[in-house]
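# Descriptive analysis of the structure
Chain residues, written in single-letter form:
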Amino acid sequence: EAKGKKKKESFPCNFNMSHQEDDEFQMGTDLPGVRLRAESDDIDPKELDLDKRDYPDEDEDLSDIPPVAIEFLKQLDDAVNSNDHNELYTLYESDFNRISTKVFKHVSWPLLHELEGAMNEDVSPITGLLYFELYYRHIYAQMTPTPEQRMESWYNYCELLKNLIEDYDDLKLPIQWQFDILDEFMYQMQAFCQYKAKKGNDEEFQRITDDSIWDITTVYSFLSGFLKNGGILTKNADGRTVLKEISADDAALAHNFGYFSIVALVRVHSLLGDYTEVLKLVDLIDASKISIFVRVSACNISLFYYTGFAYMMTRRLNDSIKIFTQILLYIARTKQYFTRSIQFGSMMKQNDQMLALLAIALSLCPQRIDESIQFAIRDRFGDKFQRLQKGDEVVLEELFAFASPKFINPVIGNATTSNASDKLEAMKLQQKVFMYESKQYRMLSTLRSYVRLYTTLKVSKLAS
């Protein structure tokens, strides 16, 4: 979206590509892609101990706090209290990025209590939660978070998500920010799983005293709760569970978080290597009717990336090529509208990853694609694309490692059993499976060349 106006773009393609299974799901109990636990085991966010946070000493010198940070918090609190969508949009999409780049590029933003001390007043609780969401996101983006900051961010997200849905459902939070909250939530969960695999035996990791921090089952509980309680599921005439369209004017935070939780669940299952569940979730989406995914460019691109990757890993290379080609064309056509987005860097990285995945798919299943995309692949990867087409396994492994999701192992042991090799175990497993599959396709390519040769010969020639 450009500031002040919305450009309406058509959705690149329909996700419903005849993957529907014969078995049906009971809405609210057996949602596709959401493996719910027994009701007695469900995690209630209210029961999470959010009082374990250990804030720094408040007797600090506050004279060095940049005035621009104080003004940002004041404006954020005023916009939240007045429910001013336009002001919240400006603060999030423009001001936070600008201040972070110019003032806090290599350091963290001030803590909330420091800013409140400088203001001589406290902000509302929800403003504080939103500010800390931005605070920890900036740390993850520009620095390496400490164990304490990882814990703090977890507690803040738990409380923020609970409050947004239960008490501030009518808050006019920009839709981009709504998606980014869940997207960052997923990113930090993924980062913690990798951190735990690498640092599980280190003294540094022992400073994390709460075993529930970024627990994947707790994350599942949040996401499945958003999907079930968002009021976005219905049954169609065939009895299938599908998403229903809710107009932008009527949509509340609960509805939007329900939609975005599907993208988050797609990401979780991709990180775990469960591609069948990814495609079951995608089958819920009728792209011609659900416009919310297009309204947030980062959401749109992320959904296509994980869907295309799932198709590729389940031997549906034609569908994978179709998905990647159409979303890459969509990015090329619309990227000028989100160059100032806080997610722009992430979207361009996924663009490069999808170019690499498309190059891999084309090397295994050659076919004609749009010339502009073909040129983009050659421009981005140079001679690697030619080597890939000749069956160079080293290049294939290199591009796969670059373009695939950063897989996680959900059953990494505790601090006494985990080791650094666990970090790469999930990636190596997925890479091994794909390399085996690629060899089968190489054999098909040889067979295809013989068949093409025979089709050029006349029947009389073959008969003789």
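Residues numbered from 1 in each chain as written. Predicted model: local features only at pLDDT ≥ 70, side-chain atom pairs only at ≥ 80, totals over all residues. Heavy atoms only, no water.

## Points about the overall build of the protein
Secondary structure summary: the protein contains 18 helices and two strands in total. Relative to its full complement of 464 residues, the protein shows a buried share of 52%. For the protein, contacts bridging at least 24 residues in sequence account for 78% of all contacts bridging at least 6. Accessible surface for the protein amounts to roughly 22100 Å². Of this, 48% is attributable to carbon and sulfur atoms. (Helix = DSSP H or I, 4+ residues; strand = E, 2+ residues; numbered from the N terminus. Buried < 20%, exposed > 50% of the residue type's maximum accessible area, 1.4 Å probe, protein only. Contact = heavy atoms within 4.5 Å. Areas by Shrake-Rupley, 256 points an atom, 1.4 Å probe, with all protein chains shown as cover.)

## Things to note about helix α5 (residues 147–166)
For an α-helix, 3.6 residues make a turn, and residues three or four places apart therefore share a direction. For α5, built from 20 residues, the straight-helix expectation of 28 Å at 1.5 Å per residue is met to within 8% by its first-to-last C-alpha distance of 29 Å. In terms of burial, α5 is a largely internal element, 16 of the 20 residues being buried. (Expected span 1.5 Å × (residues − 1).)

## Let's talk about the environment of Arg-207
Residue placement: Arg-207 occurs in the loop between α6 (175–199) and α7 (216–229). A C-alpha to C-alpha distance of 9.4 Å links Arg-207 and Thr-146, two positions 61 residues apart in sequence. When sequence neighbours within four positions are dropped, the list of residues in contact with Arg-207 reads Thr-146, Pro-147, Glu-148 and Met-151.

## Side note on the packing of helix α1 (residues 67–82) against helix α3 (residues 112–119)
When two helices pack together, their arrangement is captured by the angle between the axes and the distance separating the axes. Here α1 crosses α3 at 90 degrees, and the two axes come no closer than 10 Å. Between α1 and α3, the interaxial angle falls into the category roughly perpendicular. In this structure, α1 uses Ala-69, Ile-70, Leu-73 and Lys-74 to contact α3, whose residues at the interface are Leu-112, Leu-115, Ala-118 and Met-119. Residues of the contact of α1 with α3, tallied by class, amount to seven nonpolar, no polar and one charged. (Axes fitted to C-alpha atoms, helices over the stretch in contact; angles between N-to-C directions. Parallel < 35°, antiparallel > 145°, perpendicular 65-115°, else oblique. Nonpolar A, V, L, I, M, F, W, Y, C, P; charged D, E, K, R; others polar.)

## Topic: a negative patch on the surface
A cluster of acidic residues, Glu-71, Asp-78, Glu-121 and Asp-122, forms a negative patch at the surface. Structurally, the position occupied by Glu-71 is in helix α1. (Patch = residues over 30% accessible without salt bridge, like charges linked within 9 Å, V, L, I, M, F, W, Y side chains within 5 Å. Salt bridge = Lys/Arg side-chain N within 4 Å of Asp/Glu carboxyl O. Lys, Arg positive; Asp, Glu negative; His and termini not counted. Charge placed at Lys NZ, Arg CZ, Asp CG, Glu CD.)

## Things to note about the confidence of the model for the protein
In this model, the protein carries an average pLDDT of 81, and 81% of its residues clear a pLDDT of 70 or more. Long-range and interchain partners of residues 1–11, a stretch whose pLDDT sits below 50, account for 22 contacts in this model, where long-range means more than four residues apart. Confidence over residues 18–58 falls short of pLDDT 50; this stretch has 76 contacts with residues more than four positions distant or in other chains. (pLDDT = per-residue confidence, 0-100.)

## Overview of a nonpolar patch on the surface
A contiguous nonpolar patch, built from Tyr-450, Leu-453, Tyr-454, Leu-457 and Leu-462 and spanning about 500 Å² of accessible area, is present on the exposed surface. Ranked by the residues each element gives to the nonpolar patch, the list is headed by helix α17 (residues 422–455), at three residues. In this fold, Leu-462 is placed in helix α18 (residues 459–463).

## Focus on the pattern of salt bridges
The final tally for this structure, using the stated rule, is nine salt bridges. Between Asp-183 and Arg-267 there is a salt bridge, with the nearest N and O atoms lying 3.0 Å from each other. Of this pair, Asp-183 sits in helix α6 while Arg-267 sits in helix α8 (residues 253–272), placing them 84 residues apart in sequence. We note that Asp-183, like Arg-267, is buried. Taking the shortest distance from any N to any O, the salt bridge between Arg-387 and Asp-392 comes out at 3.2 Å.

## Side note on the packing of helix α11 (residues 297–313) against helix α12 (residues 317–334)
Remark: α11 packs on α12, axes separated minimally by 8 Å, with the N-to-C direction vectors making an angle of 160 degrees. It follows that α11 is roughly antiparallel to α12 by the angle criterion. For α11 against α12, the interelement crossing comes out left-handed. Contacts from Ser-297, Asn-300, Ile-301, Phe-304, Tyr-305, Thr-307, Gly-308, Phe-309, Tyr-311 and Met-312 of α11 reach α12 at Leu-317, Asp-319, Ser-320, Ile-323, Phe-324, Ile-327, Tyr-330 and Ile-331. When grouped by side-chain class, the residues that make up the contact of α11 with α12 number 12 nonpolar, five polar and one charged. (Left-handed = near helix turned anticlockwise from the far one by under 90°.)

## Looking at the nonpolar core
Formed by 141 residues in total, the largest nonpolar core has its most connected members in Ile-181 and Ile-377. In this structure Ile-181 touches Leu-130, Glu-133, Arg-137, Tyr-157, Leu-160, Leu-161, Leu-164, Leu-173 and Phe-257, once residues within four positions along its chain are discounted. (Core = buried A, V, L, I, M, F, W, Y, C linked by side-chain atoms within 4.5 Å.)

## Digging into the packing of aromatic side chains
Taken as a whole and judged by the stated rule, the model has 28 aromatic pairs. In textbook terms, an aromatic cluster arises when at least three aromatic residues are bridged by ring pairs, as seen for Phe-72, Phe-96, Phe-104, Trp-109, Tyr-131, Phe-132, Tyr-135 and Tyr-136. Over the ring of Tyr-195 we find Arg-150, and its NZ or CZ is 3.9 Å from the ring centre. (Phe/Tyr/Trp six-rings, centres within 6.5 Å; stacked < 30°, edge-to-face > 60°. Lys NZ or Arg CZ within 6 Å of the ring centre and 35° of its normal.)

## Brief notes about the environment of Gln-386
Mapping Gln-386 onto the fold places it in helix α15 (residues 383–389). Looking at Gln-386, the relative accessible area reads 43%, which means it is partly exposed. For the pair Gln-386 and Ser-363, spaced 23 residues apart in the sequence, the C-alpha separation amounts to 9.0 Å.

## Digging into the environment of Thr-307
Relative to the helices and strands, Thr-307 is located in helix α11. According to the relative accessible area criterion, Thr-307 is buried, its value standing at 0%. Sequence-wise, Thr-307 and Leu-281 are 26 residues apart; in three dimensions their C-alpha atoms are separated by 9.7 Å.

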